Number of protein chains: 2
Amino acid sequence: MLTQTASFAETNGSRVSLADTLRKRRQKLFKMIKFPVVLWSGVRSSRNFPGNKLPFRASSHFLYFAGIPLENVAIRMEPPGTLELYMDEPSLDDELWHGKSLLREEVAELIGANIAFPMSELWSRAYSSATIPVQDVYLQQQQSNMLHRWLYSASSLSWIDWELAYAIVQLRLTHDAGALAELRKAAACTVQAHRAGMAATRHVRFEAQVRAAMENVILAQQMNCAYNSIVTVHGEVLHNEQHYRAINPGDLLLVDVGAETALGWASDVTRTWPVSGKFSPTQRDIYEVVRSAHDACIAKVAPGVEYKDIHLQAATTLTYGLVQLGILKGDVEELVENDVHAAFFPHGIGHLIGLDVHDMEDLGDLSGYELGRKRSDRFGLKFLRLDRPLQSGMLVSIEPGFYQVPSLLNYPDRRETFQEFVDWDRLAQFSDVRGIRIENDVLVTDSGCEVITGELPTHPDAIEHLVNS
Amino acid sequence: MLTQTASFAETNGSRVSLADTLRKRRQKLFKMIKFPVVLWSGVRSSRNFPGNKLPFRASSHFLYFAGIPLENVAIRMEPPGTLELYMDEPSLDDELWHGKSLLREEVAELIGANIAFPMSELWSRAYSSATIPVQDVYLQQQQSNMLHRWLYSASSLSWIDWELAYAIVQLRLTHDAGALAELRKAAACTVQAHRAGMAATRHVRFEAQVRAAMENVILAQQMNCAYNSIVTVHGEVLHNEQHYRAINPGDLLLVDVGAETALGWASDVTRTWPVSGKFSPTQRDIYEVVRSAHDACIAKVAPGVEYKDIHLQAATTLTYGLVQLGILKGDVEELVENDVHAAFFPHGIGHLIGLDVHDMEDLGDLSGYELGRKRSDRFGLKFLRLDRPLQSGMLVSIEPGFYQVPSLLNYPDRRETFQEFVDWDRLAQFSDVRGIRIENDVLVTDSGCEVITGELPTHPDAIEHLVNS
């Protein structure tokens, strides 16, 4: 892993530039906080026995300041910008089984550490530092022991840990050039994966085969999946990770697949395409409603705009479209105020993207919500993951959707709530639309925004063309 | 996951046959032990934030008695064969986000449970049962709490837990018809993946692309990788999980990739092929030595034969071949007694295969070593994972190899040890051979053995043909 990541770091530019990027991040951090910080990279979990590990994913906060996915390593940073590396040297046995890896001093040079120690030294030097707990509960307990205080989870921090998390959020909310280079690489790979998925669809019989064709592209480019791929003819299930179903000509395939670079930067893209290569008239009608919502949101993205207003824009445009189709009845504004759209669009318009596909979601709403704001109780707003004014340099997803979710539409009490607003007979004519989502990764720029996954078309004719190619 | 696995279970035969298979396993278990047993399926680990999980793998001991990979579920078994299921019903929110899943009663019927409870009931009913700790340390602590005793790890059990583990080992050492059907499916998929890897090699530039082409086959068949794929031009690194290197015409590609069925049954196959489609004369010479060791071992596999003798057979045949090539000097028997072969073959000839690719390795040497036997201190034997007489129904890997490992051959003190036995000048002529391994999955039968991955050729001409196809 070390050699691999070193090699990747080199292809990203000179070694100096990685160390420089990291130095600038530390300097910015220590303009906001005045205490030392320890961050652990994390360890691998065992799959079914200790020698068979699940793939390693370094903690994103560690990655942000240490740059490369080193296993079982820690860094300690001290104001105004000192970096200490804690890492054990690989043993001869490591070399026999896992290959030559970078030595401690080589890693130190690569990431611009001022000094490097074995891991055991951390016990005497971690005390009084702030940290963010890793995801692995066992390592979290070790962190607690080393810091002499109990760490519960990254989403319930207090004292200097909360101050650290708050400062990190301010930093990671917008992306520097080093981050953007990686995010663009992830986006480009994801676009290729979707093209491969579309091209494969008419030649295969199961969801699993489309998924395989797409992940093939991602693995071949030495990247990983940023999250478990959704490739499903049951798009109404929002996080459907099942891939066993047959795909049939009348089906829509909802595909939410994103690559993550070797250094950990994510992308997140959804397209919905007809298995046959041709949308039915009803599918195309709804698809165009979702696309108009997508386009209306993108047109609105700019610095200073409230992300919640973009969500409400999606709700309004979707509702307008559904009224036009005769599925909803009444005044658009009133329908949105009554959250009727949320029966068909039961999630937020998107989220931050960065080192995590839902960036910094380990910190709970500290990342997504401006200080002082809280999640709404409203059915149409409670799933919103991001409620901040947009800033230049933020990367957000824009992902409106339309779904016919049985548990939302078919239970008698829920059905009653929407009784007066929905034309159920008209809706029944759209039974070949289970779920449609269109999702792009959108960079907020000084002048508005740039869709960094925009090379992948959203126009239904273009989608059909790619499926038939 | 539930729906998927139920669907798989159905395609494996009728629901009755799964329940029947499991019932027979319980009956056999309770001929050996007379106390109740609780087994947990396990939970998913978070990747970088709680909502982004690593893929789920159920505990193999749970799978053996519950058949399907249910998440966060437990079973309690009582002599002479009662089965209780502990499982929470999916919530409406689960349905919205993850889709419809089987209800508790449906699962109970599928696996032949006599009665089913919510998970919370387990707290009052687990007491005085034996168990095997899962891999996840956090869940392991919950197991400890529920059983009112401290569970350290599956490899250091005592009291009824040790007795349970010992009984499970006796059961899982040999495979019943249900297990064999799955193992053959995994083997067949693995053979196809290797063919795809060979066919892709001449058309791509990086290890990662060959890996992707192979995992594509596995994912497309709705299977998983049984372990992290090894696809490397540095085959001398035994567990090399890096895939970033370019593959060049003079290189050998060592490929150790195996599929695991959706129900968790593994396969484990290695082939080594020339990137150019043609072995160099030196590569072919060494390849033939490894192949002769492979063939000599297979010829020997039969009930009653000591697996350690098969390992020593590999050592002898390899040593003989290396003497013939002029790389080693001296008497074959003496060379093997001095472990000279182990400088080039520093691992055991193989291991058990079943629900785990190293079957039951979570139990330490309780699974691989006959009671009363211990690991040898000898350099040439200490890596042996299996030291038992073979029995009909066992599935083992046979995987001899030849490697030029710098850390074994190049350090002055080690070099001195082998000084008189190795012709270093002659060895230097084989510098284009970094590592070669040939591995098959071999079922011990009443009359000898059957190579269940034997459809994938080992002959160098056939390998060249597949790479050039």
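If you're wondering where the values come from, they're calculated on a predicted model, not measured in any experiment.

**Some remarks on the relation of the copies chain B and chain A**
Line of reasoning, step 1. Superposition of chain B onto chain A requires a rotation of 180° combined with a translation of 0.0 Å along the rotation axis, giving an RMSD of 0.0 Å. This pairing of chains is accounted for by a two-fold axis. The C-alpha atom lying nearest the rotation axis in chain B is that of N216 of chain B; the distance is 2.8 Å.
Line of reasoning, step 2. Mapped onto chain A, 100% of the interface residues of chain B are again interface residues, and the two copies thus contact each other with one and the same surface.

**Concerning the interface of chain B and chain A**
Line of reasoning, step 1. With 71 residues of chain B in contact, the opposing surface of chain A contributes 71 residues.
Line of reasoning, step 2. Interface of chain B and chain A: buried area, both sides summed, is about 5800 Å²; carbon and sulfur atoms make up 56% of it.
Line of reasoning, step 3. Of all residues in chain B, R47, L96 and W97 of chain B bury the most surface against chain A, accounting for 13% of the area lost on that side.
Line of reasoning, step 4. The closest approach of N and O atoms between E241 of chain B and R44 of chain A, which form a salt bridge, is 3.1 Å.
Line of reasoning, step 5. Here chain B and chain A share 12 residue pairs in polar contact (both at pLDDT 80 or more) between them.
Line of reasoning, step 6. Elements supplying a minimum of two residues to the side of chain B that touches chain A: α1 (2-11), β2 (46-49), β3 (52-53), α4 (92-98), α7 (137-147), α10 (207-220), β7 (224-225) and α15 (406-409) of chain B.
Line of reasoning, step 7. Here the side of chain B that touches chain A gets nine residues from one element, more than from any other, and that element is α10 of chain B.
Line of reasoning, step 8. Residue classes in the side of chain B that touches chain A are distributed as 32 nonpolar, 24 polar and 15 charged.

**Overview of a positive patch on the surface**
All names here are of chain A.
Line of reasoning, step 1. A surface patch of like charges, here positive, comprises K24, K28, K31 and K34.
Line of reasoning, step 2. Relative to the helices and strands, K24 is located in helix α2 (residues 15-32).
Line of reasoning, step 3. With a relative accessible area of 54%, K24 lands in the exposed category.

**Structural notes on the side chain of S397 of chain B**
Line of reasoning, step 1. Looking at where S397 of chain B falls in the secondary structure, it is placed in strand β12 (residues 395-398).
Line of reasoning, step 2. A polar atom in the side chain of S397 of chain B sits 3.0 Å from the side chain of E399 of chain B.

**Observations concerning helix α11 (residues 281-300) of chain B**
Line of reasoning, step 1. Compared with the 28 Å implied by 1.5 Å per residue over 20 residues, the 29 Å span of α11 of chain B between its first and last C-alpha is a close match.
Line of reasoning, step 2. Within the span of α11 of chain B, buried status applies to T282, Q283, I286, Y287, V289, V290, R291, A293, H294, C297 and I298 of chain B.

**A look at empty space enclosed by the protein**
Residue and element names in this part refer to chain B.
Line of reasoning, step 1. Tallied over the entire structure, the rule returns one cavity of 30 Å³ or more.
Line of reasoning, step 2. Considered as a void within the structure, the largest cavity measures approximately 40 Å³ in volume.
Line of reasoning, step 3. Along the walls of the largest cavity sit H311, F345, P346, H347, G348, F379, G380, L381, K382, F383 and L384, which together make up its complete lining.
Line of reasoning, step 4. Split by residue class, the lining of the largest cavity holds six nonpolar, four polar and one charged.

**Considerations on the domain arrangement of chain A**
Residues and elements named next belong to chain A.
Line of reasoning, step 1. Split by domain assignment, chain A resolves into domain 1 (2-172) and domain 2 (187-468).
Line of reasoning, step 2. Each of domain 1 and domain 2 was reduced to a C-alpha centroid, and the two centroids are 34 Å apart.
Line of reasoning, step 3. Counting from both sides, the interface comprises 22 residues of domain 1 and, opposite them, 17 residues of domain 2.
Line of reasoning, step 4. Taking both sides of the interface into account, the surface hidden between domain 1 and domain 2 amounts to around 1700 Å²; carbon and sulfur atoms contribute 64%.
Line of reasoning, step 5. Connecting domain 1 to domain 2 are three salt bridges.
Line of reasoning, step 6. Counting the contacts that link domain 1 with domain 2 gives eight residue pairs in polar contact (both at pLDDT 80 or more).
Line of reasoning, step 7. Listed by contribution, the elements that provide at least two residues to the side of domain 1 that touches domain 2 are α3 (60-66) and α8 (159-172).
Line of reasoning, step 8. It is α8 that contributes the most residues to the side of domain 1 that touches domain 2, six residues altogether.
Line of reasoning, step 9. Classifying every residue of the side of domain 1 that touches domain 2 gives 13 nonpolar, six polar and three charged.

**Focus: the side chain of R44 of chain A**
Line of reasoning, step 1. With respect to the element layout, R44 of chain A can be found in the loop between β1 (37-40) and β2 (46-49).
Line of reasoning, step 2. Reaching out from R44 of chain A, the side chain makes a polar contact with the backbone oxygen of L54 of chain A at a distance of 3.2 Å.
Line of reasoning, step 3. Among the polar contacts made by the side chain of R44 of chain A, one reaches the side chain of E241 of chain B at a distance of 3.1 Å.
Line of reasoning, step 4. Apart from the residues within four sequence positions on either side, R44 of chain A is in contact with K53, L54, P55, F56 and E71 of chain A together with N228 and E241 of chain B.

**What to know about unusual backbone geometry**
Line of reasoning, step 1. Here P79 of chain A and P80 of chain A are connected by a cis peptide whose omega angle stands at 5°.
Line of reasoning, step 2. Following the sequence through the fold, P80 of chain A ends up in the loop between β4 (74-78) and β5 (82-86).
Line of reasoning, step 3. Positive phi is not limited to glycine here, since N72 of chain A has a value of about 55°.
Line of reasoning, step 4. By secondary structure assignment, the location of N72 of chain A is in the loop between α3 and β4.
Line of reasoning, step 5. Non-glycine residue M360 of chain B carries a positive phi angle of around 60°.
Line of reasoning, step 6. Within the secondary structure, M360 of chain B is located in the loop between α13 (332-337) and α14 (365-368).
Line of reasoning, step 7. Accessibility expressed as a relative area gives 0% for M360 of chain B, which makes it buried.

Parameters and conventions
- Residues numbered from 1 in each chain as written.
- Chains lettered and ligands numbered in written order.
- Predicted model: local features only at pLDDT ≥ 70, side-chain atom pairs only at ≥ 80, totals over all residues.
- Heavy atoms only, no water.
- Least-squares fit on C-alpha atoms with pLDDT ≥ 70 in both.
- Contact = heavy atoms within 4.5 Å.
- Buried area = accessible area lost by both parts, 1.4 Å probe.
- Salt bridge = Lys/Arg side-chain N within 4 Å of Asp/Glu carboxyl O.
- Polar contact = N/O pair within 3.5 Å; in protein donor to acceptor, adjacent residues only side chain to side chain.
- Helix = DSSP H or I, 4+ residues; strand = E, 2+ residues; numbered from the N terminus.
- Nonpolar A, V, L, I, M, F, W, Y, C, P; charged D, E, K, R; others polar.
- Patch = residues over 30% accessible without salt bridge, like charges linked within 9 Å, V, L, I, M, F, W, Y side chains within 5 Å.
- Areas by Shrake-Rupley, 256 points an atom, 1.4 Å probe, with all protein chains shown as cover.
- Lys, Arg positive; Asp, Glu negative; His and termini not counted.
- Charge placed at Lys NZ, Arg CZ, Asp CG, Glu CD.
- Buried < 20%, exposed > 50% of the residue type's maximum accessible area, 1.4 Å probe, protein only.
- Expected span 1.5 Å × (residues − 1).
- 1 Å grid on protein atoms, 1.4 Å probe; cavity = no way out; pocket = protein on both sides within 12 Å on 5 of 7 lines; lining within 4 Å.
- Points joined across faces, edges and corners; volume = space filled by probe spheres on them.
- Domains from an automatic or database assignment.

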